[in-house]
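Tertiary structure, described
Listed below are the residues making up each chain.
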Amino acid sequence: TNRQYVWRNYRVVIDIGAIYIRLADQHNASQPLFIYMAYQAVQPTQDPIPEPNMKLFSNIGSEDRRLLAAMVYSMDESIGTIMEALHSKHMLDNSIVIFISDNGAQPREFDHNIHPPTNDGLNLPLRGGKSLLYEGALRVPALVWSPLLNKSGYVSQALVHITDLLPTVLDAIDGTGIDDQDHIYGISQWHVLSNNERPVRWEVQHNVDQLWNSSAIRWYDWKLIQTRKHFGPSLADYGPYTQPLLTETLSFPTRRSTHRLNSKMYGVLTQMGRRPDYTVLTESEVECRPVPDSHLRPECMSDYCLFNVRHDPCEQHDLIGQMDRRFVQFLRHKMVTFNATSVSPLSLIPDDPKADPKLYNYTYTIMKLNMVKLIY
């Protein structure tokens, strides 16, 4: 049930965090350590979690949004606790911490019975949400924190893809990177991020899916996209948010500042003699030019759309009819060429009932472990 899912999801955040704290406590600080935390906290939820966390966000009028905020707060607490443990072992002085989301939020459908469930997250003013190819699904928050960075306290404008993480981390550790660079998609971004240098990536193949007619490529400032629609009318449609977001008790900036100053991570940074400058985050804000109410935003389902996402990050103006057809063909050819290297899709294979999350206490694990063959 949803209630079981929410509670177990919450317990997973707390329990797994405790496991990594014990790991840090028992680790020999003179040896390398790699920790990977794949939080499931911000997932579709509708039923309440423990009241103490909910009460922290009583100023949020929407119950669904209040639940989402409480789950995010639980994740933040877990991360802070792990960072405290690493700091107590003096390991943060030589560590790299990367926080990244795998996709944008899945905005609430107006029909609550629709599948898949949503979590009332919002990507506005960006368009779309999870499972689509608009910027609301693809442009996600991410940060790199490390005393090893030559320059910090800024918002990078570099184009970074999630496949860049592996070569970036390897490059940061010992400068070796990956031997077989020609056979991976990722690019090391360490020097770009550590020094705020010029970008090294200009292209991202977001997706090529001929079964769902869902494909997109980013090339410099241009994005060619054909995407399927979400499952029903959604807040991702730019529709007005009718529920009250906030109840006017304390202003949002005041509450945000209070939460930041009381967070465990702020305490760790203070002990390290570092003071975060939150004002730099304003550089990451996205503003969209207003359009008349009569303006119809392109659907990009029956055919491709072309956007300049630097000047139009909210993908409101399709420029495909204004560009040279050869340029559009150039971008499509890039996708076709890239798709030629792909393996056959698994989209048509039925779901395996043995993968039902309730069989594994709603946690990720390895299915059919006894069938896995290790190849050396």
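Residues numbered from 1 in each chain as written. Predicted model: local features only at pLDDT ≥ 70, side-chain atom pairs only at ≥ 80, totals over all residues. Heavy atoms only, no water.

1. A look at the side chain of Glu135
Position of Glu135 relative to the elements: it lies in helix α4 (residues 135-138). Setting aside anything within four residues of it in sequence, one finds Glu135 in contact with Leu126, Arg127, Lys223, Val309, Pro313 and Glu315. (Helix = DSSP H or I, 4+ residues; strand = E, 2+ residues; numbered from the N terminus. Contact = heavy atoms within 4.5 Å.)

2. Focus on the pattern of salt bridges
Applying the stated criterion across every chain, the model contains seven salt bridges. Close ionic contact of Glu135 with Arg139 constitutes a salt bridge, the shortest N to O distance being 2.9 Å. Between Glu135 and Lys223 there is a salt bridge, with its nearest N and O atoms 2.8 Å apart. Of this pair, Glu135 sits in helix α4 while Lys223 is found in strand β5 (residues 222-226), placing the two residues 88 residues apart along the sequence. Residue Glu135 shares its accessibility class with Lys223, and that shared class is buried. A single network of salt bridges, built from pairs that share partners, joins Glu135, Arg139, Lys223 and Glu315. (Salt bridge = Lys/Arg side-chain N within 4 Å of Asp/Glu carboxyl O. Buried < 20%, exposed > 50% of the residue type's maximum accessible area, 1.4 Å probe, protein only.)

3. A closer look at the layout of surface pockets
Considering only enclosed or pocket space, the second largest pocket measures out at about 250 Å³ in volume. Lining the second largest pocket are 10 residues; nearest its centre among them are Val208, Asn339, Ser342, Val343 and Pro345. For the lining of the second largest pocket, the secondary structure elements donating two or more residues are β3 (203-209) and α9 (325-339). Class assignment for the residues of the lining of the second largest pocket results in five nonpolar, four polar and one charged. (1 Å grid on protein atoms, 1.4 Å probe; cavity = no way out; pocket = protein on both sides within 12 Å on 5 of 7 lines; lining within 4 Å. Points joined across faces, edges and corners; volume = space filled by probe spheres on them. Nonpolar A, V, L, I, M, F, W, Y, C, P; charged D, E, K, R; others polar.)

4. Topic: the nonpolar core
Among the nonpolar cores identified, the biggest contains 11 residues, and these are Tyr20, Ala24, Ile82, Met83, Ala85, Leu86, Met91, Leu92, Trp145, Val268 and Leu269. For this core, the secondary-structure elements that each account for two or more residues are α1 (2-26), α3 (63-88) and α8 (264-271). Broken down by element, this core gets its largest block of residues, four residues, from α3. If we skip the residues at most four places from it in the chain, Leu92 touches Met83, Leu86, His87, Trp145, Pro147, Val268 and Met272. (Core = buried A, V, L, I, M, F, W, Y, C linked by side-chain atoms within 4.5 Å.)

5. Quick look at the pairing of β5
Side chains on a regular strand alternate between the two faces of the sheet. Most of β5 sits inside the fold, with five of its five residues counted as buried. Of the two faces of β5, the one holding Trp222, Leu224 and Gln226 and the one holding Lys223 and Ile225 are both buried throughout. In this structure, strand β4 (residues 214-219) lies alongside β5, joined through five bridges in antiparallel fashion. Within the sheet, the bridge partner assigned to Ala216 lies in β5 and is Ile225. Linking β4 to β5, which pair antiparallel, is a turn of two residues; within it Tyr220 sits at a positive phi near 55°. (Pairing = 2+ DSSP bridges.)

6. Digging into the state of the cysteines
Under the defined criterion, the tally for this structure stands at two disulfides. Covalently, Cys288 is tied to Cys314 through a disulfide, its sulfur atoms 1.4 Å apart. Linking Cys288 in the loop between α8 and β6 (305-308) with Cys314 in the loop between β6 and α9, this pair joins segments that are 26 residues apart in sequence. The class for Cys314 is buried, based on a relative accessible area of 0%. Here Cys300 connects covalently by a disulfide to Cys305, the sulfurs 2.2 Å from one another. On the S-S bond that ties Cys300 to Cys305, the torsion sits near -105°, and the link is left-handed. You'll find Cys300 and Cys305 in the same group, each marked buried. (Disulfide = S-S within 2.5 Å.)

7. Describing the confidence of the model for the protein
Of the residues in the protein, 79% reach a pLDDT of 70 or more, and the chain-wide mean stands at 80. Confidence over residues 1-8 falls short of pLDDT 50; this stretch has 19 contacts with residues more than four positions distant or in other chains. Contacts of residues 239-243 to residues separated by more than four positions or lying in other chains number 10 contacts, the stretch itself having pLDDT below 50. (pLDDT = per-residue confidence, 0-100.)

8. Some words on the packing of aromatic side chains
Scanning the entire structure with this criterion turns up eight aromatic pairs. Relative to Tyr220, the ring of Trp219 lies with its centre 4.7 Å away and its plane at 75°, an arrangement referred to as edge-to-face. Ring geometry for Trp222 against Phe327: centres 5.7 Å apart, planes inclined by 75°, an arrangement best described as edge-to-face. Residue Trp222 is found in strand β5, and its partner Phe327 is found in helix α9; the two are separated by 105 residues along the sequence. For Trp222, a relative accessible area of 18% gives the class buried. (Phe/Tyr/Trp six-rings, centres within 6.5 Å; stacked < 30°, edge-to-face > 60°.)

9. So, the sheet that holds β3
Spatial ordering of the open sheet is given by β3-β4-β5-β6, a layout of four strands whose pairing is antiparallel. The sheet is open, and its two borders are formed by β3 and β6, each paired with just one other strand. Neighbour to neighbour, the strand axes of the sheet diverge by 15° on average, direction disregarded. Strand contacts of α9: β3, β4, β5 and β6, with the helix running at about 115° to β4, the strand carrying the most contacts. (Axes fitted to C-alpha atoms, helices over the stretch in contact; angles between N-to-C directions.)

10. Details of the pairing of β3
Two strands pair when backbone bridges link them, and β3 and β4 are joined in this way by six bridges, in the antiparallel orientation. Each residue of the ladder has a partner; that of Gln205, found in β4, is Ile217. Hairpin connection, β3 to β4: the antiparallel pair is bridged by four residues, and Asn213 has positive phi, about 50°.

11. Considerations on a nonpolar patch on the surface
On the surface, a cluster of nonpolar side chains totalling about 280 Å² of accessible area is made up of Ile98, Ile100, Val144 and Ile162. In this fold, Ile100 is placed in strand β1 (residues 97-100). (Patch = residues over 30% accessible without salt bridge, like charges linked within 9 Å, V, L, I, M, F, W, Y side chains within 5 Å. Areas by Shrake-Rupley, 256 points an atom, 1.4 Å probe, with all protein chains shown as cover.)

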